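What the coordinates show
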Amino acid sequence: MNWTKRSAAAAVTAAAIGLITACGAGTGAGHDATTAPVAENRPIVDKGNWPLATPARGLAKGLSLPLEAYMQSYEDTVTLDRASRALQEKCMADYGIDLQLPVAGSTPPPNDNDANMERRYGLTDREAAAEYGYGLPDALTDQVRQRMPDLTEEQVGVLTGHGKPTSAGPAAAPVAKPAAATYKGKAIHKGGCVGWSDGRIGRSAIDFQLVSELNGQSFTQSMESPAVKQATAAWSECMKGKGYEVATPFAAADIVPHAESGATQEEIAVALAEVDCKEETGLVAIWFKEDSAIQNKLLAQHRSELTDSRDRHVKALAAANKSLAG
């Protein structure tokens, strides 16, 4: 599963720490997550590689859970990133610092939101399984790498409101000291230009923690429902008939571990068996029905909080679009 049990503000903080860690390399050649070098004639942002709102093929085709209406899509994430980064660059320029941040949208994830419908119930796309096994398409593993800015300790303070993160040891989380109060006589914003920009568009008010937690609850509860247990047992029997002893779809990926060099024929065979047995037993449809019913109950219990969260998100998106329009 790809559940994100944290607020949007925490996500922004984590992203900023990752950015500044790369900036602190001292070479100016840090990179976006774990991406590949830029290839000739490749666009920095290729929307064709962005995840769809709902799966377009396979056993999960067209499926969308009730709580997805309250989640942040990847397109919305990019819009907020674009607006925030443009404001950050403007803010830094006010301090006399020329900053060019990476273009948002160049490293799309495999799923559009926290529901992760593509693989929520394990593999569902036979066509993808036949080519990549349990791996991801090349477009998601060979992404464009952008040059990161090389900032001094003081400039990092202006951008983030704290210094470059340092770690006390291999297992310790990065820790950053507060920035100085001023930069060349000009007061530094609380939270730096990152905090200032997110405050301008209302991004700091967004919080998806509740919907992420409810999304996780519905999944685990549905997995324990009698209907899903029965369908999973039938799926397991089907897999046994194909020569694989495995209790759940999520354990199937461990039968033949995915190699970095790509899927082997043995891995692909397991992946295809997993999808075929799901189609034969109707596991995905049964699981989705149970999952949806639980989410509808959770939604009814938390509608007010979820609606408030969505309203703040919509407001921030409107402010972001207005800011981008100039």
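Scroll up to find the structure this text is about.
Residues numbered from 1 in each chain as written. Predicted model: local features only at pLDDT ≥ 70, side-chain atom pairs only at ≥ 80, totals over all residues. Heavy atoms only, no water.

**Details of the overall build of the protein**
Secondary structure assignment for the protein yields 12 helices and 2 strands. Mapped from its N terminus to its C terminus, the protein presents α and β elements in the order α-α-α-α-α-β-β-α-α-α-α-α-α-α. Here the protein holds 326 residues, and the buried ones make up 44% of them. For the protein, restricting intrachain contacts to residue pairs at least 6 apart in sequence, the fraction spanning at least 24 positions comes to 79%. (Helix = DSSP H or I, 4+ residues; strand = E, 2+ residues; numbered from the N terminus. Buried < 20%, exposed > 50% of the residue type's maximum accessible area, 1.4 Å probe, protein only. Contact = heavy atoms within 4.5 Å.)

**Re helix α2 (residues 74-94)**
Its 21 residues give α2 an end-to-end C-alpha distance of 30 Å, which sits within 8% of 30 Å, the value for a rise of 1.5 Å per residue. After α2 finishes, the residue G96 shows a positive phi value of roughly 80°. (Expected span 1.5 Å × (residues − 1).)

**Things to note about the state of the cysteines**
Under the definition given, this model contains 2 disulfides. Here C91 pairs with C193 through a disulfide, and the sulfurs are 2.1 Å apart. Between C91 and C193 the sulfur-sulfur dihedral comes to about -70°; the bridge is accordingly left-handed. Of this pair, C91 sits in helix α2 while C193 sits in helix α6 (residues 192-201), placing them 102 residues apart in sequence. With a relative accessible area of 0%, C193 lands in the buried category. The disulfide partner of C238 is C277, and the gap between their sulfur atoms is 2.1 Å. Across the S-S bond of C238 and C277 the torsion is about -80°, and the bridge reads as left-handed. Highlighted residues: C238 in helix α8 (residues 226-241) and C277 in helix α10 (residues 265-281), separated in sequence by 39 residues. C277 carries the same exposure label as C238, and that label is buried. Bonded cysteines in the protein are paired 1-2, 3-4 when counted in the order they occur along the chain. (Disulfide = S-S within 2.5 Å.)

**Observations regarding the packing of aromatic side chains**
Any aromatic ring pair is given by two values, namely how distant the centres are and how the planes are angled relative to each other. Evaluation of the coordinates by the stated rule reveals 6 aromatic pairs. Centroid distance F250 to W287: 6.0 Å. Interplanar angle 75°. Geometry classified as edge-to-face. With F250 in helix α9 (residues 249-252) and W287 in helix α11 (residues 283-301), this pair connects stretches of sequence that are 37 residues apart. It is K186 that lies over the ring of Y95; its NZ or CZ is 5.3 Å from the centre. (Phe/Tyr/Trp six-rings, centres within 6.5 Å; stacked < 30°, edge-to-face > 60°. Lys NZ or Arg CZ within 6 Å of the ring centre and 35° of its normal.)

**Quick look at the layout of surface pockets**
Estimated volume of the second largest pocket: approximately 660 Å³. Taken together, 27 residues form the lining of the second largest pocket, with P110, E118, D125, P137 and L140 sitting closest to its centre. Broken down by secondary-structure element, the contributors of at least two residues to the lining of the second largest pocket are α3 (126-132) and α4 (138-141). When the residues that make up the lining of the second largest pocket are grouped by side-chain class, the tally is 15 nonpolar, 8 polar and 4 charged. (1 Å grid on protein atoms, 1.4 Å probe; cavity = no way out; pocket = protein on both sides within 12 Å on 5 of 7 lines; lining within 4 Å. Points joined across faces, edges and corners; volume = space filled by probe spheres on them. Nonpolar A, V, L, I, M, F, W, Y, C, P; charged D, E, K, R; others polar.)

**Brief notes about empty space enclosed by the protein**
Under the definition given, this model contains 1 cavity of 30 Å³ or more. Put simply, the largest cavity is a space of about 40 Å³. Considering the residues around the largest cavity, the lining is formed by L52, A53, E68, N111, D112, N113, A115, N116, M117 and E118. A breakdown of the residues in the lining of the largest cavity according to their chemical character gives 4 nonpolar, 3 polar and 3 charged.

**Re the packing of helix α7 (residues 209-223) against α11**
Where α7 meets α11, the axes come as close as 9 Å, and the angle between the chain directions of the two elements is 135°. Judged by the angle between their axes, α7 and α11 are oblique. Taken as a pair, α7 and α11 cross one another with a handedness that is right-handed. Taking contact as the criterion, the partners of L214, N215, Q217, S218, F219, Q221, S222 and M223 in α7 are, on α11, W287, E290, D291, I294, Q295 and L298. (Axes fitted to C-alpha atoms, helices over the stretch in contact; angles between N-to-C directions. Parallel < 35°, antiparallel > 145°, perpendicular 65-115°, else oblique. Left-handed = near helix turned anticlockwise from the far one by under 90°.)

**Some words on the nonpolar core**
The biggest cluster of nonpolar side chains holds 62 residues, and the ones touching the most others in it are Y121 and V158. Broken down by secondary-structure element, the contributors of at least two residues to this core are α2, α5 (153-160), α6, α7, α8, α10, α11 and α12 (303-325). (Core = buried A, V, L, I, M, F, W, Y, C linked by side-chain atoms within 4.5 Å.)

**Structural notes on the environment of Q265**
Among the secondary structure elements, Q265 is positioned in helix α10. The spatial distance from the C-alpha of Q265 to the C-alpha of Y132 is 9.7 Å, given a sequence separation of 133 residues.

**Describing unusual backbone geometry**
Apart from glycine, the bulk of residues carry a negative phi angle, and the bulk of peptide bonds sit in the trans form. Phi at N116 takes a positive value of approximately 50°, unusual for a residue other than glycine. Here N116 is to be found in the loop between α2 and α3. Within the chain, K184 stands out as a residue other than glycine whose phi angle is a positive 50°. By relative accessible area, which is 73% here, K184 ends up exposed.

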